[in-house]
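Observations on chain architecture
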Amino acid sequence: MMELSKGQEVAALFDLDGVVFDTELQYSLFWGMKGKTYHPEMEHFENVIKGQTLVQIFDRWFAGCDDVQRKIADELEDFERNMAYDYVPGVEDFLRDLRRAGIRTAVVTSSNDDKMQNVYQAHPEFKSYFDRILTAEFFSRSKPEPDCYLLGAEVFGLPVTRCIVFEDSFNGLKAGRAAGMKVVGLSTTNAPDQIQALCDSVIPDFRDFYVEKLFEMLAWTDNND
């Protein structure tokens, strides 16, 4: 396996739901029901809000509805506490390979810290896969704005050209693009042809995606100094 030498640092930045965990269908069902209840005039409300923080969803779609916000927040907290957090196939092996190759890794998610506590309880090993975990509390503008991924580059002291984003939602893919980074799209949430234009590569999962492919996308070779 290719390994990095000093001065060749790169970073892999991962969205959480639909990329590390196969949870997007569960969220689609939850937010689809909320859309039908509170915004029946909108089709596929669950797709509109994907990749956005809960604060942003409330500010945009439930502004001034404090009782509704509290109700949804309580229901979401209970829902996330009981979710199934199953890894996307191949992602654990890929993350281990990244660590062995010396590639920096971060989760960059619109989920908040309360949600992450459920993740840590379900998977005590989760934190060992990543150098940094950046949640909704770290940035004010959510996806599709690039802020979260720009922060991912900043925390590692790297230019955006040395970062690669793994995303599944339209908002997340747009955020990676807007950050000026290479983007790998996971077709766990949307069909490959729907996201192709927003990606440099589309994969169904990580079983056939290797560290060498990441280097190839970032144009690194064994001869780089």
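Note that the structure is predicted; figures quoted are calculated from it, not measured.

Focus: helix H6 (residues 113-122)
Where H6 is concerned, the buried positions are Lys115, Met116, Asn118, Val119 and Tyr120. Residues of H6 that are buried in the fold lie against helix H1 (24-38), helix H4 (66-81) and strand S3 (132-134). Two or three places before Asp114, at the start of H6, stands the capping residue Asn112, its side-chain oxygen 3.2 Å from that residue's backbone nitrogen.

Topic: the sheet that holds strand S1 (residues 11-14)
Ordered in space as S3-S2-S1-S4-S5-S6, the 6 strands form an open sheet in which the pairing is parallel. Every other strand in the sheet has two partners, leaving S3 and strand S6 (201-203) as the edge strands with one partner each. This sheet shows a mean twist of 20 degrees between the axes of neighbouring strands, independent of strand direction. Running at roughly 170 degrees to strand S5 (residues 182-186), helix H8 (residues 170-178) makes contact with strand S4 (163-167) and S5 of the sheet.

Regarding the pattern of salt bridges
Under the definition given, this model contains 19 salt bridges. Between Asp15 and Lys143 there is a salt bridge, with the nearest N and O atoms lying 3.0 Å from each other. Of this pair, Asp15 sits in the loop between S1 and H1 while Lys143 is found in the loop between S3 and helix H7 (147-155), placing the two residues 128 residues apart along the sequence. Of the two residues, Asp15 and Lys143, both sit in the buried class. Measuring nitrogen to oxygen at the nearest pair gives 3.4 Å for the salt bridge that ties Glu145 to Arg141. When its relative accessible area of 31% is taken as the criterion, Glu145 is described as partly exposed. A single network of salt bridges, built from pairs that share partners, joins Asp15, Lys143 and Glu167.

Some words on the environment of Gln194
Checked against the element boundaries, Gln194 lands in helix H9 (residues 192-195). Along the sequence, Gln194 and Tyr210 sit 16 residues apart, while their C-alpha atoms lie 24 Å from each other.

Section: H8
If you check which residues of H8 are buried, you get Asn171, Gly172, Leu173, Ala175 and Gly176. Next to the buried residues of H8 lie helix H2 (45-48), H7, S4, S5 and H9.

Topic: the pairing of strand S2 (residues 104-108)
When you tally the buried positions in S2, you get 4 out of 5 residues, the bulk of the element. As paired elements, S1 and S2 share 4 bridges and run parallel to each other. Following the sheet pairing, Ala12 is matched in S2 by Thr105. Judged from the 3 bridges that link them, S2 and S3 form a sheet pairing that is parallel. Counterpart to Val108 in the pairing with S3 is Leu134. What joins S2 to S3 is H6, and the crossover it makes is right-handed.

Side note on the packing of aromatic side chains
Per the stated rule, a full pass over the model turns up 23 aromatic pairs. Seen in terms of ring centroids, Phe14 and Phe130 are 6.0 Å apart; in terms of plane orientation they differ by 70 degrees. Their pairing is edge-to-face. You can see Phe14 sitting in strand S1 and its partner Phe130 sitting in the loop between H6 and S3, a full 116 residues away along the chain. Exposure class is identical for Phe14 and Phe130. Each is buried.

Some words on the nonpolar core
Residues Phe14, Phe126, Phe166, Phe206 and Leu214 are the most contacted members of the largest nonpolar core, which totals 48 residues. If near-sequence neighbours (up to four positions away) are discounted, Phe166 is found in contact with Ala12, Leu13, Phe14, Asp15, Val19, Phe94, Tyr149, Val184, Leu186, Phe206, Phe209 and Leu214. Counting residues in each nonpolar core, the second largest holds 22 residues, with Ala106, Leu134, Val183 and Ile195 among its members.

Details of the environment of Gly152
Take Gly152: it is sitting in helix H7. Overall, the relative accessible area of 0% leaves Gly152 in the buried class. When the C-alpha positions of Gly152 and Leu198 are compared, they lie 19 Å apart, and in sequence the two are 46 residues distant. Dropping the residues within four chain positions of it, Gly152 is found in contact with Leu13 and Leu134.

Basis of the calculations
Residues numbered from 1 in each chain as written. Predicted model: local features only at pLDDT ≥ 70, side-chain atom pairs only at ≥ 80, totals over all residues. Heavy atoms only, no water. Buried < 20%, exposed > 50% of the residue type's maximum accessible area, 1.4 Å probe, protein only. Helix = DSSP H or I, 4+ residues; strand = E, 2+ residues; numbered from the N terminus. Contact = heavy atoms within 4.5 Å. Polar contact = N/O pair within 3.5 Å; in protein donor to acceptor, adjacent residues only side chain to side chain. Pairing = 2+ DSSP bridges. Axes fitted to C-alpha atoms, helices over the stretch in contact; angles between N-to-C directions. Salt bridge = Lys/Arg side-chain N within 4 Å of Asp/Glu carboxyl O. Right-handed = clockwise from strand over helix to strand, strands pointing away. Phe/Tyr/Trp six-rings, centres within 6.5 Å; stacked < 30°, edge-to-face > 60°. Core = buried A, V, L, I, M, F, W, Y, C linked by side-chain atoms within 4.5 Å.

In short, geometric facts, not functional conclusions.
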